[in-house]
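# Reading the structure
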Amino acid sequence: MTKVLILFYSTYGHIYQSAEEIAKGAREVEGVTVDIKQVPETFSEEVLAKVHATEAKKAFEHVPVATPSDLAEYDAVVVGSPGKYGNMASQMKAFFDACGQLWATNALVGKVGACFTSTASQHGGNEATLLSIHTLLFHFGLVLTGLPYSCVEQNGIEEVKGGSPYGVTTIAGGDGSRQPSESEKTQMRFFGKHISEIAKKLSAK
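Residues numbered from 1 in each chain as written. Predicted model: local features only at pLDDT ≥ 70, side-chain atom pairs only at ≥ 80, totals over all residues. Heavy atoms only, no water.

### Some points on the overall build of the chain
The number of helices and strands found in the chain is seven helices and seven strands. When the helices and strands of the chain are read in sequence order from the N terminus, they spell out β-α-β-α-α-β-β-α-α-β-α-β-β-α. Against the globule reference of 17 Å for 205 residues, the chain gives a C-alpha radius of gyration of 16 Å, in line with a compact fold. Total accessible area on the chain is roughly 9500 Å²; 55% of this is exposed by carbon and sulfur atoms. Mean positive and mean negative side-chain charge positions of the chain (18 and 22 charges, respectively) differ by 4 Å. (Helix = DSSP H or I, 4+ residues; strand = E, 2+ residues; numbered from the N terminus. Rg over C-alpha atoms; globule rule 2.2 N^0.38 Å. Areas by Shrake-Rupley, 256 points an atom, 1.4 Å probe, with all protein chains shown as cover. Lys, Arg positive; Asp, Glu negative; His and termini not counted. Charge placed at Lys NZ, Arg CZ, Asp CG, Glu CD.)

### Section: the side chain of Thr-119
Note on placement: Thr-119 falls in strand S5 (residues 112–119). Its relative accessible area of 3% is what places Thr-119 among the buried residues. A distance of 2.9 Å separates a polar atom in the side chain of Thr-119 from the backbone oxygen of Ser-121. (Buried < 20%, exposed > 50% of the residue type's maximum accessible area, 1.4 Å probe, protein only. Polar contact = N/O pair within 3.5 Å; in protein donor to acceptor, adjacent residues only side chain to side chain.)

### Considerations on a nonpolar patch on the surface
A grouping of Tyr-12, Phe-43, Val-47 and Val-51 is seen on the molecular surface, where their side chains present a nonpolar patch of about 300 Å² in accessible area. Along the polypeptide, Val-51 turns up in the loop between helix H2 (45–50) and helix H3 (54–57). On the basis of relative accessible area, Val-51 is assigned to the partly exposed category, the value being 32%. (Patch = residues over 30% accessible without salt bridge, like charges linked within 9 Å, V, L, I, M, F, W, Y side chains within 5 Å. Salt bridge = Lys/Arg side-chain N within 4 Å of Asp/Glu carboxyl O.)

### What about the side chain of Gln-91?
Structurally, the position occupied by Gln-91 is in helix H4 (residues 90–97). The buried category is assigned to Gln-91, whose relative accessible area is 3%. In contact with Gln-91, not counting residues within four places along its chain, are Tyr-9, Val-39, Pro-40, Glu-41, Thr-42 and Phe-43. (Contact = heavy atoms within 4.5 Å.)

### Considerations on the packing of aromatic side chains
Tallying each qualifying case throughout the model produces five aromatic pairs. Their ring planes at 75° and their centres at 5.8 Å tell us that Phe-8 and Phe-60 sit as a pair that is edge-to-face. In this pair, Phe-8 sits in strand S1 (residues 2–8) while Phe-60 sits in the loop between H3 and strand S3 (76–84), placing the two residues 52 residues apart along the sequence. The exposure class of Phe-60 is buried, given its relative accessible area of 0%. Where Phe-96 meets Phe-140, the ring centres are 5.6 Å apart and the plane angle is 65°; that geometry is what we call edge-to-face. Here Phe-96, found in helix H4, pairs with Phe-140, found in the loop between helix H6 (126–139) and strand S6 (143–144); they are 44 residues apart in sequence, far enough to count as distant. According to the relative accessible area criterion, Phe-96 is buried, its value standing at 4%. Residue placement shows Lys-3 over the ring face of Tyr-74; its charged tip is 5.0 Å from the ring centre. (Phe/Tyr/Trp six-rings, centres within 6.5 Å; stacked < 30°, edge-to-face > 60°. Lys NZ or Arg CZ within 6 Å of the ring centre and 35° of its normal.)

### Comments concerning the environment of Gln-17
Its place among the elements puts Gln-17 in helix H1 (residues 14–26). Between the C-alpha atom of Gln-17 and that of Ala-56, which follows or precedes it by 39 residues, the distance is 12 Å. The contacts of Gln-17, once residues within four sequence positions are left out, are Gln-179 and Pro-180. A polar atom in the side chain of Gln-17 sits 2.5 Å from the side chain of Gln-179.

### Some words on helix H7 (residues 182–203)
One turn of an α-helix holds 3.6 residues; hence residues three or four places apart share an orientation. Compared with the 32 Å implied by 1.5 Å per residue over 22 residues, the 31 Å span of H7 between its first and last C-alpha is a close match. Of the positions making up H7, those classed as buried are Ser-183, Glu-184, Lys-185, Gln-187, Met-188, Phe-191, Gly-192, Ile-195, Ser-196, Ala-199 and Ser-203. Those residues of H7 that are buried lie in contact with S1, H1, strand S2 (32–38), S3, S5 and strand S7 (168–171). (Expected span 1.5 Å × (residues − 1).)

This is the structure in structure tokens:
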């Protein structure tokens, strides 16, 4: 079986919702298993309460927390993080900063890598965030894939929506009230299936 890991950090649930949609698409490919895991939280309960994230995080508190050694077990690693000033969240960066042993042993070289994000606005740094994750994944030797333009949902200007050739995105709104749209969810499922198909080909014995 080809194994896909969707690894995420989410504050208000947008990235978690995206992970679930990507997983739906990834599971459409026969012979592929998909796991969703989150990285450890580094904020205290006090800080989470101050940023009004406590209630939102209950929706995915059941999701298992990953350890660095988990990554080596998978044929594809799909990384999801909200954009923080044009970069990945500190929680995701801290997780990969603890993956030095994987880097030193080339444990992720040749595996498929991909990423997704959420930002407050259309121009809130979603592509910059994806590229920051790309840089990280390149250093670990993963083979990166994005969202090809054969996914026609990322085209068009008829509505506010995420979408990028670098990976899938969603727009949360300044107050976090906007949830992933049907167009964005379609892109996410396409993305997941695309990643699974590539991982299956690369992992074929």
